[in-house]
Amino acid sequence: MQKLKIRISQSLMNALHEEQKLTGETIEHIVSRALADSLQVDHGTLFQVSTAGALVEGVTGEIVSIRTLREHGDFGLGTFVGFDGEMAVLDGHFFQIKGDGTITDAPDEAMAPFAVVTHFVPDQSFALDPFSSIADLVGQLDARRESENQFYAVRVDGTFKTMKTRAVCKQPVGQSLSNAADSQAVFDFADVTGTMMGFWTPAYARTVNIAGWHIHFLSDDRTKGGHLLDCAADGGAVGFQTLNDFRIAIPETAGFLQAELGGDPTAAIDKAEH
Ligand SMILES: [Zn+2]
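Residues numbered from 1 in each chain as written. Predicted model: local features only at pLDDT ≥ 70, side-chain atom pairs only at ≥ 80, totals over all residues. Heavy atoms only, no water.

Visitor: Please give an account of the overall build of the protein that cites residues and values.
Guide: What the protein contains, in helices and strands, is 8 helices and 15 strands. For 274 residues, the compact-globule estimate of 2.2 N^0.38 gives 19 Å, and the protein sits close to it at 19 Å. Taking the principal axes of its C-alpha atoms as reference, the protein extends roughly 60 × 40 × 35 Å. In the protein, which comprises 274 residues, the share counted as buried stands at 50%. When the 20 basic and 37 acidic side-chain charges of the protein are each reduced to a single mean position, those positions are 5 Å apart. (Helix = DSSP H or I, 4+ residues; strand = E, 2+ residues; numbered from the N terminus. Rg over C-alpha atoms; globule rule 2.2 N^0.38 Å. Buried < 20%, exposed > 50% of the residue type's maximum accessible area, 1.4 Å probe, protein only. Lys, Arg positive; Asp, Glu negative; His and termini not counted. Charge placed at Lys NZ, Arg CZ, Asp CG, Glu CD.)

Structural data, given as structure tokens:
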């Protein structure tokens, strides 16, 4: 998150405090939302390319460029062609975290088969209590969800005592997610400062996105990251956004058009993603 320090009139400040009293929202939230509305930053919209079910079936060819994704969000996650690593999208940069542990800022021309992005504008901010596992962490996040039936984006900034991530390794296009997960690299970090970016997807959307929490991580120094498997910390700063506008770009590639997508990918995703 960026910090903004400005001078405003007493009357605006009074109005801000009135709104805060009325709604219980933080001033940061009220100002962020007002700015996003005024500057026409499309917030509250989740933009997704392809589906989790297609990924499970190995639809991992060239579907969307980073240039196009950039138009739809500055925050999110995904993967690259042929499962060539994890995508972590933060503050408008599309990082590629490869199976060999290297991390690069992907160029506009890089291609992805699947991605989920949004213009992140948190509508609540709060501090985490200490947590000793990913289950503990998502329990605290779940407590902030109003419903099982909306999409949510979450950003967590902090220093993590332990962190376990994975990165999928490049496969021939067409290999299923299960095959990619079998050859994934797992990383263990200690005392690492950075940012988690994640989404919560309702169970009813299980063929489209990854149901439940799906979280990626990137360290502040951009040298550590991946798909989050476990973590512990003494706290953390959370930004939380409700997303109630969901847009999906259906690929027109032969790989997608000919894939068998009628099944329930839940079991394959559970095995590959947790
Ligand atoms: Zn992931």
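Visitor: Tell me about the pattern of salt bridges, and please be specific about residues and values.
Guide: Inspection of the entire model under this criterion finds 16 salt bridges. Of the charged contacts in the structure, one is a salt bridge between Glu18 and Lys21, with a shortest N-O distance of 3.7 Å. With a gap of 3 residues between them, Glu18 and Lys21 both fall in helix H1 (residues 10–23), about one helical turn apart. A residue is classified by how much of its surface remains accessible, and Glu18, at 47% relative accessible area, is partly exposed. Residue Lys21 is classed as exposed on the basis of its relative accessible area of 68%. One salt-bridge network, in which partners are shared between bridges, spans Arg67, Arg70, Asp108 and Glu109. (Salt bridge = Lys/Arg side-chain N within 4 Å of Asp/Glu carboxyl O.)

Visitor: Which residues make up the coordination of the zinc ion, and what values do they have?
Guide: Within the protein, the atoms that donate to the zinc ion are His214 (NE2), His216 (NE2) and His227 (ND1), at distances of 2.0 to 2.1 Å. What makes His227 buried here is its relative accessible area of 2%. (Donors = N, O, S within 2.8 Å, 3.2 Å for Na, K, Ca; no water.)

Visitor: For the sheet that holds strand S3 (residues 75–79), give the residues involved together with the corresponding values.
Guide: Strand order in the open sheet made by the 7 strands is S6-S5-S4-S3-S8-S1-S15, with mixed pairing throughout. Each edge of the open sheet carries a strand with a single partner, namely strand S6 (103–105) and strand S15 (245–249). For this sheet, the mean angle separating the axes of adjacent strands, direction not counted, is 15 degrees. (Pairing = 2+ DSSP bridges. Axes fitted to C-alpha atoms, helices over the stretch in contact; angles between N-to-C directions.)

Visitor: Outline the packing of aromatic side chains, supporting the account with residue identities and numerical values.
Guide: Scanning all chains against the criterion turns up 9 aromatic pairs. Ring centres of Phe151 and Phe246 lie 4.5 Å apart, and the angle between their planes is 25 degrees; this geometry places the pair in the stacked category. Within this pair, whereas Phe151 is found in strand S10 (residues 151–167), its partner Phe246 is found in strand S15, the two being separated by 95 residues in sequence. For Phe151, a relative accessible area of 6% gives the class buried. Residue classification places Phe246 among the partly exposed positions, given a relative accessible area of 29%. Here the aromatic rings of Phe187 and Phe189 are separated by 6.1 Å at their centres, their planes lie at 15 degrees, and the arrangement is stacked. Considered together, Phe187 and Phe189 belong to a single accessibility category, that of buried residues. (Phe/Tyr/Trp six-rings, centres within 6.5 Å; stacked < 30°, edge-to-face > 60°.)

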